[in-house]
Every structure is written in C-alpha cells, then in structure tokens.
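Structural features, examined
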Amino acid sequence: MLRIIDARTGNPVDATPARRGLARVEAHVGGYDTTALRVLLAADVLVRALELGGTPVWSLLSTEGDRAELRAGAAALGMRPFEDGGEAEAGLGAAQVIHVVGDGDEGAVPDGVRIAVAPVAGTPGEADPAVLRLALLSRRRDLPVRLDADVLSDAHDTLVRWRRSVAGWARQPSRPVPEEVRAELRTAWEDDLDMPGVLRTLRRIETSGLPEGARFETYAYADRLLGLELTRDIGALA
C-alpha cells in the first residue's frame, strides 16, 4: 500500500483511500519556474502510483498565475493534464485529499495531507524535457536539486542508453516481469514515492542476467510510473 510522509506531522500516512474511493491530488504553485514544475511532477507521479494501485484520481492545479505556461511546461514533461483547482471541493466521493506544495509554501494550503517538494537551483537551458524529467526524478523530492551540466549530462546519457537497450530487448521473446523484481519496484515507490529507489532497481536489472524479454517488460512496467517514454525507440534501430 502506498504510504507517504505528511509534511505537516512528519508521519507516514496511507495515500490510498480506505474504501478505494476517489482520491484528490491538488498541486499548489505560485507561478511558473523549474521548482513549480518539480511540484507538478511530484503530483503527476503520485497520480500515476495511485492509478497503478487501482485508485481513481482527480488531479488539480491551484496557482495564482502563469497557468498557461505551467500547463505547457507540464505537458512537455509528459505529465497528465490537471484540472483547475483552488475553489474545487473534495466532493465527488473523494475519500482522500493530498496537497502537493513547494517546501516552505504550505501556509495558504487548506488542511489535509501534504507532500512538500524541495526547490530546484539552476536552469535546464535547452535540455530535452524527458532528460529534465529524469534529472528531477533522480533526486528525492524532499532534497534540493541543482541542475548543473553534469546532472543533465548524466540524465541524457542514461535516457539514451535505456531507450536503446529497451528497443534491442524488444526484439527478443517477451518474458514476464519476475515477481521479485515487481515487488522490489513497488516496495520502492510505495515507500513515500521513492523514485531514486525505482531507478536503482532499473540500473541493477539493466546489467543483470535476466532474459532480455524480461528486462524489456520490467522497463515497460516501471515506465508507467516514470513516464520517460522508454519504449519510444522500438522499431527505430536498424
């Protein structure tokens, strides 16, 4: 079961409604910048994790400005669309409300479970949006991120390598994701959305002795959460 740390109390709470009802995830940002995109990304990953567990989710965006820029930036990074928030009521049978906010910006947020996201230093420049997404996912969301040349270069090289590997593995007979690997991935993301833990598992699987078909299915399964389009290059290799 997905558990997250409530920034108000520092205690873990169940992110999934007790009766599998509708969950509401609301991202709160002041305006457009890279930190705001990181807040939206944390909300997007939470939505994906809940949906993978079978929970229907209503995702909302509350902001005081730059709404068009935020939506465009979120779409470029492969995020699901957010509906307008702010004045939205829990309603519609929502049994759980989770607010995703920037670290230190919790003051104006309504009561409820809160996820705090640390700030981003540096700018991504002309980095590919998928590279930026991977760079942001590679750091725990409660720790600051510095987007320097080394961080972006590492994310770029990893993404290119993984997409190439997945395209190659896809040529082999498919094999199911081993249950122990599936459990390892889920244990990571159900532990306060530990994305670095998910990425560590993929790095281990990349050079493991698993059949290539099983490695392909493992990466495709994890990408439902990561949203990195790891299967994009299938059929593109000569």
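Structure shown above.
Residues numbered from 1 in each chain as written. Predicted model: local features only at pLDDT ≥ 70, side-chain atom pairs only at ≥ 80, totals over all residues. Heavy atoms only, no water.

Side note on the overall build of the chain
When you go through the chain residue by residue, the secondary structure sums to seven helices and nine strands. The C-alpha radius of gyration computed for the chain amounts to 18 Å, which stays within 12% of the reference 18 Å derived for 238 residues, consistent with globular compactness. In terms of its C-alpha atoms, the chain occupies a principal-axis envelope of roughly 50 × 45 × 30 Å. Looking at the chain residue by residue over its 238 residues, the buried ones come to 52%. Of the contacts made within the chain by residues no fewer than 6 positions apart, 73% connect residues no fewer than 24 positions apart. When the accessible surface of the chain is summed, it comes to about 11,100 Å², and 49% of that surface belongs to carbon and sulfur atoms. Distance between charge centres in the chain, computed from 29 positive and 37 negative side chains, equals 6 Å. (Helix = DSSP H or I, 4+ residues; strand = E, 2+ residues; numbered from the N terminus. Rg over C-alpha atoms; globule rule 2.2 N^0.38 Å. Buried < 20%, exposed > 50% of the residue type's maximum accessible area, 1.4 Å probe, protein only. Contact = heavy atoms within 4.5 Å. Areas by Shrake-Rupley, 256 points an atom, 1.4 Å probe, with all protein chains shown as cover. Lys, Arg positive; Asp, Glu negative; His and termini not counted. Charge placed at Lys NZ, Arg CZ, Asp CG, Glu CD.)

Focus: the nonpolar core
Counting residues in hydrophobic clusters, the biggest one holds 67 residues, and the most contacted among them are Leu46, Val100, Trp189, Met195 and Leu226. Looking at this core, the element that brings in the most residues is helix α1 (residues 34–52), giving 12 residues. (Core = buried A, V, L, I, M, F, W, Y, C linked by side-chain atoms within 4.5 Å.)

Some remarks on helix α4 (residues 149–169)
Taking 1.5 Å of rise per residue, 21 residues should cover 30 Å, and α4 covers 30 Å from first to last C-alpha, within 8% of that figure. When we look at burial in α4, the residues that qualify are Leu152, Ala155, Thr158, Leu159, Trp162, Arg163, Ser165, Val166, Ala167 and Trp169. Where α4 begins, one side-chain oxygen reaches toward the backbone nitrogen of Asp150, 3.2 Å away; that side chain belongs to Asp148. (Expected span 1.5 Å × (residues − 1). Polar contact = N/O pair within 3.5 Å; in protein donor to acceptor, adjacent residues only side chain to side chain.)

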